[in-house]
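# Overview (structure and organization)
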Amino acid sequence: MKNVLYITLSLLSLSAFAQTKAEKEVQKAIANSKKYTYEGNTALKGDKPVQAEVEYRKAIAEDKNNATAQYNLGTMYYQQKSYDEAFSRLKNASTSDKITEEEKHKAFHNLGNAFMKNKEYEKAVLSYKEALRHNPKDEETRYNLAVAKEMLKQNPPPPQNNKNNKDKNNQQNQNNQQNQQNQNNQQNQQNQNNQNNQQNQNNQNKNQDNKNNQDNKDNKDNKKDQGDKQDKNKDKGDDQKDPNQNNQQNKNQSGQGQGEQRPSSLSPQQMERILEAMNNEERKTQEKINAQKVKGQRAKTEKDW
């Protein structure tokens, strides 16, 4: 229990220390903001508006709720005719209770006058209304508000519809440009894809041609190898023939050599004579055979009865 209590007290002490440190930081920032505001006022009195603007901006950076710096900076912008900046700063100052209502009234009344000179009647109406919120009894501000309303009625701003149509047209043009850009990008991508596909097709055709050439070369080499193998087998077969068959062939060749040597080419007349001689020879041979048959037969004798 004592340990729990000690831890709790420690956490509370740390929280208080952190809170105290944060409060000190806030107090320090407020003090710095007041310091920069004083320096800005001094610079503005010394006719150094640039230096005064720098100091007021430093003061607002340290403490955004510094109404005095906001009001003084807005008033300075009003004197320099930077009305938009002046309106923004004075609007911020009007939400603070650190400046008097009369100061707020004068600031917005003067802004209304400035907008009237620039013929910004709509902004003038808003400024006079803000001035009357801080001092409803000021008749001069009320009169100026009536004049601003009449001028705004005679010179109305461009209709909101026209503005919307203009914005819509601008948006449509931007969309069309974006769509056109997207279409161009898609077309470029399609062209790139087509080029890549064509390149791939060319590479495939080239590879196929190389493969066909290689196949043809391989077929030729195979045919050549088969031819060489057949020739080799033929030579081997001739060497393995039966010696007797070789002798018989040699003998037949020798016998043929001993016989009549026929010319390698004969004329028709020569062929006819040779055939006739062969027929005569055959006929003579047949006659001899027939004669021998007749001679060899015995005469048939009659039987004694």
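Residues numbered from 1 in each chain as written. Predicted model: local features only at pLDDT ≥ 70, side-chain atom pairs only at ≥ 80, totals over all residues. Heavy atoms only, no water.

## Overview of the side chain of Asn-135
Looking at where Asn-135 falls in the secondary structure, it is placed in the loop between helix H6 (121–134) and helix H7 (139–154). The residues touching Asn-135, leaving out its near neighbours within four places in the chain, are Glu-102 and His-105. (Helix = DSSP H or I, 4+ residues; strand = E, 2+ residues; numbered from the N terminus. Contact = heavy atoms within 4.5 Å.)

## Some words on the packing of aromatic side chains
Note on aromatic pairs: each is described by the distance of the centres and the angle between the planes. Overall, the coordinates contain four aromatic pairs when judged by the stated rule. Clustering of aromatic rings is evident, with ring pairs tying together Tyr-78, Tyr-83, Phe-87, Phe-108 and Phe-115. (Phe/Tyr/Trp six-rings, centres within 6.5 Å; stacked < 30°, edge-to-face > 60°.)

## Notes on the pattern of salt bridges
Overall, the coordinates contain six salt bridges when judged by the stated rule. Lys-123 is paired through a salt bridge with Asp-84; the nearest N and O atoms lie 2.9 Å apart. One end of the pair, Lys-123, is in helix H6; the other, Asp-84, is in helix H4 (residues 83–94), with 39 residues separating them in the sequence. Taking relative accessible area as the criterion, Lys-123 reaches 32% and is therefore assigned partly exposed. Here Glu-120 makes a salt bridge to Lys-123, at a shortest N to O gap of 3.3 Å. Taking the relative accessible area as the measure of exposure, Glu-120 reaches 27% and is therefore partly exposed. A network of salt bridges, in which partner residues are shared, links Asp-84, Glu-120 and Lys-123. (Salt bridge = Lys/Arg side-chain N within 4 Å of Asp/Glu carboxyl O. Buried < 20%, exposed > 50% of the residue type's maximum accessible area, 1.4 Å probe, protein only.)

## Considerations on the confidence of the model for the chain
When pLDDT is averaged along the chain, the result is 77, and 71% of the positions lie at 70 or above. Of all the helices and strands in the chain, helix H9 (residues 243–258) carries the lowest mean pLDDT, 48, while H7 carries the highest, 95. This model gives residues 253–261 a pLDDT under 50, and the stretch forms one contact once residues within four places in sequence are excluded. (pLDDT = per-residue confidence, 0-100.)

## What to know about a nonpolar patch on the surface
Taken together, the side chains of Ile-274, Leu-275 and Met-278 make up a nonpolar region of the molecular surface, amounting to roughly 260 Å² of accessible area. Relative to the assigned elements, Ile-274 resides in helix H10 (residues 268–296). Looking at Ile-274, the relative accessible area reads 31%, which means it is partly exposed. (Patch = residues over 30% accessible without salt bridge, like charges linked within 9 Å, V, L, I, M, F, W, Y side chains within 5 Å. Areas by Shrake-Rupley, 256 points an atom, 1.4 Å probe, with all protein chains shown as cover.)

## Concerning the environment of Val-54
Counting through the fold element by element, Val-54 comes out in helix H2 (residues 49–62). Considered as a pair, Val-54 and Gly-40 are 14 residues apart in the sequence and their alpha carbons are 7.5 Å apart.

## Let's talk about H6
Taking 1.5 Å of rise per residue, the 14 residues of H6 would be expected to cover 20 Å, and the 20 Å separating its terminal C-alpha atoms lies within 8% of that figure. Looking at H6, one finds that the buried residues are Tyr-121, Ala-124, Val-125, Ser-127, Tyr-128, Glu-130, Ala-131, Leu-132 and His-134. Where H6 is buried, its residues touch H4, helix H5 (101–117) and H7. (Expected span 1.5 Å × (residues − 1).)

## Quick look at H7
For H7, spanning 16 residues, the distance from its first C-alpha to its last is 23 Å, which sits close to the expected 22 Å at 1.5 Å a residue. Three or more residues of H7 are buried, namely Thr-141, Asn-144, Leu-145 and Ala-148. Summarising the axial view, the buried residues of H7 lie within an arc of 105 degrees, below the 170-degree limit, and thus occupy one face. Away from its buried face by more than 90 degrees, H7 exposes Glu-139, Tyr-143, Lys-153 and Gln-154. Two or three places before Glu-140, at the start of H7, stands the capping residue Asp-138, its side-chain oxygen 3.0 Å from that residue's backbone nitrogen. (Arc of directions from axis to C-beta. Polar contact = N/O pair within 3.5 Å; in protein donor to acceptor, adjacent residues only side chain to side chain.)

## Considering the side chain of Glu-130
Tracing the backbone through its elements, the reader meets Glu-130 in helix H6. Residue classification places Glu-130 among the buried positions, given a relative accessible area of 12%. Reaching out from Glu-130, the side chain makes a polar contact with the side chain of Lys-91 at a distance of 2.8 Å.

## What about the packing of H5 against H6?
H6 packs onto H5 with a crossing angle of 165 degrees between their chain directions and a minimal axis gap of 8 Å. Judged by the inter-axis angle, H5 sits roughly antiparallel to H6. As for how H5 packs across H6, the hand of that crossing is left-handed. Here H5 contributes Glu-101, Lys-104, His-105, Phe-108, His-109, Leu-111, Gly-112, Asn-113, Phe-115 and Met-116 to the contact with H6, which in turn contributes Tyr-121, Lys-123, Ala-124, Ser-127, Tyr-128, Glu-130, Ala-131 and His-134. Of the residues that constitute the contact of H5 with H6, the class distribution is eight nonpolar, six polar and four charged. (Axes fitted to C-alpha atoms, helices over the stretch in contact; angles between N-to-C directions. Parallel < 35°, antiparallel > 145°, perpendicular 65-115°, else oblique. Left-handed = near helix turned anticlockwise from the far one by under 90°. Nonpolar A, V, L, I, M, F, W, Y, C, P; charged D, E, K, R; others polar.)

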